[in-house]
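Below, each chain spelled out in residue letters.
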Amino acid sequence: MKLLRTRWLSRAGKALEADDIETAEAIVKRQLERKPDDLDALHLLGQIHSFMERYEAAQEIYERLLKMDDTDEEARERLRRTHLRQAFKAREAGETEEMERAYRAALEINPEDAFTHYNLGCAYMDGPPNRADEAAASWLRAIELRPDYVEAHFDLAQLYFADGRYEAARPYFEAAAEARPDWPAPIYCLAVIAVKTGDLEKGLEYALSAAELNTGWGRTAAEDENLAPLRGNPAFDELANQASGPLDVLSREDILRGSELFEEMDDDEE
């Protein structure tokens, strides 16, 4: 029996090495016809489904494996990753409800995963309006689990900033700036907060620092009505002349440039 197991598994493995997914899948399915509860075959079929982006089929396989053996941690982890892939796919398709469902399903398996909490918060903001409180709770949880989570700090700060809660936003922008001193976006936002709260000296310092990292931010600052109280200061007025070419209006993508919005998962099955 061990020899038979080795034969089909070896043949399937060689097919996968040759990128012949169709042949590998056929070998695995024939083995399952002979032995429907073959754990190796089920695991391999689940990986093939996932590789081919047949996530619902992969989910069914891993759920079946866990019903057979609820201590199968490999199946549990692969099921979690399958839910994450379903969420990413749903986000690309603009299916916000499915995206939220998939992230929550992943958290049921591992509620201590900061990455999933962060992305669930993003899903809340991408979905119907008035989900800011839920997004904030998810990002706060991500920060609790991983205090150096720069994106969670920055997005939470942006949420508070947009609501006019400048003092609430400040420590999260500061955390992002401290973790990424080469990233001008949180530094620029701190300039706006300082001016909004009456500290013009600190606001100028932050604005100059952001422009030093990227002169485009200087031209943006010169046109930003939030920083209008700094106009007339020679150092601030000079910012408008530091970058050549027409003024670029910085989008959210520009603001987040240089930030790793998604972490790489250890996709050993792919």
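Above this note sits the structure.
Residues numbered from 1 in each chain as written. Predicted model: local features only at pLDDT ≥ 70, side-chain atom pairs only at ≥ 80, totals over all residues. Heavy atoms only, no water.

Asker: I'd like to hear about the packing of helix H8 (residues 132-145) against helix H9 (residues 150-162), residue by residue, with values.
Answerer: In the contact formed by H8 and H9, the axes pass within 9 Å of each other and the chain directions differ by 150°. As the angle between them shows, H8 and H9 are arranged roughly antiparallel. Taken as a pair, H8 and H9 cross one another with a handedness that is left-handed. Of H9, the residues touching H8 (which contributes Ala-132, Ala-135, Ala-136, Trp-139, Leu-140, Ala-142 and Ile-143) are Ala-152, His-153, Asp-155, Leu-156, Leu-159 and Tyr-160. (Axes fitted to C-alpha atoms, helices over the stretch in contact; angles between N-to-C directions. Helix = DSSP H or I, 4+ residues; strand = E, 2+ residues; numbered from the N terminus. Parallel < 35°, antiparallel > 145°, perpendicular 65-115°, else oblique. Left-handed = near helix turned anticlockwise from the far one by under 90°. Contact = heavy atoms within 4.5 Å.)

Asker: I'd like to hear about the nonpolar core, residue by residue, with values.
Answerer: Counting residues in hydrophobic clusters, the biggest one holds 55 residues, and the most contacted among them are Phe-173 and Leu-227. Broken down by element, this core gets its largest block of residues, ten residues, from helix H11 (residues 184-196). The residues touching Phe-173, leaving out its near neighbours within four places in the chain, are Phe-154, Ala-157, Gln-158, Phe-161, Pro-186, Cys-189, Leu-190 and Ile-193. Core analysis: the next-biggest nonpolar cluster, separate from the first, contains 20 residues, Ile-27, Leu-44, Ile-61 and Ala-75 among them. (Core = buried A, V, L, I, M, F, W, Y, C linked by side-chain atoms within 4.5 Å. Buried < 20%, exposed > 50% of the residue type's maximum accessible area, 1.4 Å probe, protein only.)

Asker: Could you give me a rundown of the packing of aromatic side chains, with the residues and numbers involved?
Answerer: Enumeration according to the criterion identifies ten aromatic pairs in this entry. Geometrically, the ring pair formed by Phe-154 and Trp-183 is tilted, given 4.8 Å between the ring centres and 40° between the ring planes. Taken together, the positions of Phe-154 in helix H9 and Trp-183 in the loop between helix H10 (166-179) and H11 put the pair 29 residues apart, joining distant regions of the chain. Using a relative accessible area of 1% as the deciding quantity, one classes Trp-183 as buried. Chaining the aromatic ring pairs together yields one cluster made of Phe-154, Phe-161, Tyr-166, Phe-173 and Trp-183. (Phe/Tyr/Trp six-rings, centres within 6.5 Å; stacked < 30°, edge-to-face > 60°.)

Asker: Can you lay out the environment of Tyr-172 for me, pointing to particular residues and giving the numbers?
Answerer: Mapped onto the elements of the fold, Tyr-172 is located in helix H10. Using a relative accessible area of 18% as the deciding quantity, one classes Tyr-172 as buried. Along the chain, Tyr-172 and Ala-157 lie 15 residues apart, while their C-alpha atoms are 5.3 Å from each other. Setting aside residues no more than four positions away along its own chain, Tyr-172 makes contact with Leu-140, Ile-143, His-153, Leu-156, Ala-157 and Tyr-160.

Asker: Which residues make up the packing of H10 against H11, and what are the values?
Answerer: With their axes 9 Å apart at the nearest point, H10 and H11 run at an angle of 150° to one another. By the criterion of interaxial angle, the relationship of H10 to H11 is roughly antiparallel. You can see that H10 and H11 cross each other, and the crossing is left-handed. Residues Tyr-166, Ala-169, Arg-170, Phe-173, Glu-174, Ala-176 and Ala-177 of H10 touch H11, and the partners they reach there are Pro-186, Ile-187, Cys-189, Leu-190, Ile-193 and Lys-196.

Asker: Got a sec to walk through H11? Specific residues and values, please.
Answerer: The terminal C-alpha atoms of H11, which comprises 13 residues, lie 18 Å apart, in line with the 18 Å expected from a rise of 1.5 Å per residue. Of all 13 residues in H11, twelve are buried, a share of seventy percent or more. Taken as a whole, H11 has its buried residues at Pro-184, Ala-185, Pro-186, Ile-187, Tyr-188, Cys-189, Leu-190, Ala-191, Val-192, Ile-193, Ala-194 and Val-195. (Expected span 1.5 Å × (residues − 1).)

Asker: So, the side chain of His-43: which residues are in play, and what are the values?
Answerer: Here His-43 shows up in helix H3 (residues 39-51). For His-43, a relative accessible area of 9% gives the class buried. When neighbours within four sequence positions are excluded, His-43 is seen to be in contact with Tyr-62, Leu-65, Asp-72, Glu-74 and Ala-75.

Asker: A description of the environment of Ala-12 should follow, citing residues and the corresponding values.
Answerer: Checked against the element boundaries, Ala-12 lands in helix H1 (residues 2-17). The exposure class of Ala-12 is buried, given its relative accessible area of 0%. Sequence spacing of Ala-12 and Ala-24 is twelve residues, and the spatial spacing of their C-alpha atoms is 4.5 Å. Not counting chain neighbours up to four residues away, the residues in contact with Ala-12 comprise Ala-24, Ile-27, Val-28 and Leu-44.

Asker: Quick one: what's the story with unusual backbone geometry, residue by residue and with numbers?
Answerer: Within the chain, Asp-19 stands out as a residue other than glycine whose phi angle is a positive 60°. By relative accessible area, Asp-19 is classed as exposed at 64%. Although it is not a glycine, Glu-53 sits at a positive phi angle of roughly 65°. For Glu-53, the location among the structural elements is in the loop between H3 and helix H4 (55-68).

Asker: Please provide a residue-by-residue account of the environment of Ala-194, values included.
Answerer: You can see Ala-194 is positioned in helix H11. Under the relative-accessibility criterion, Ala-194 is labelled buried at 1%. C-alpha of Ala-194 to C-alpha of Arg-170: the two residues are 24 residues apart in sequence and 8.9 Å apart in space. Filtering out sequence-adjacent residues up to four positions away, Ala-194 remains in contact with Asp-199, Leu-200, Lys-202, Gly-203 and Tyr-206.

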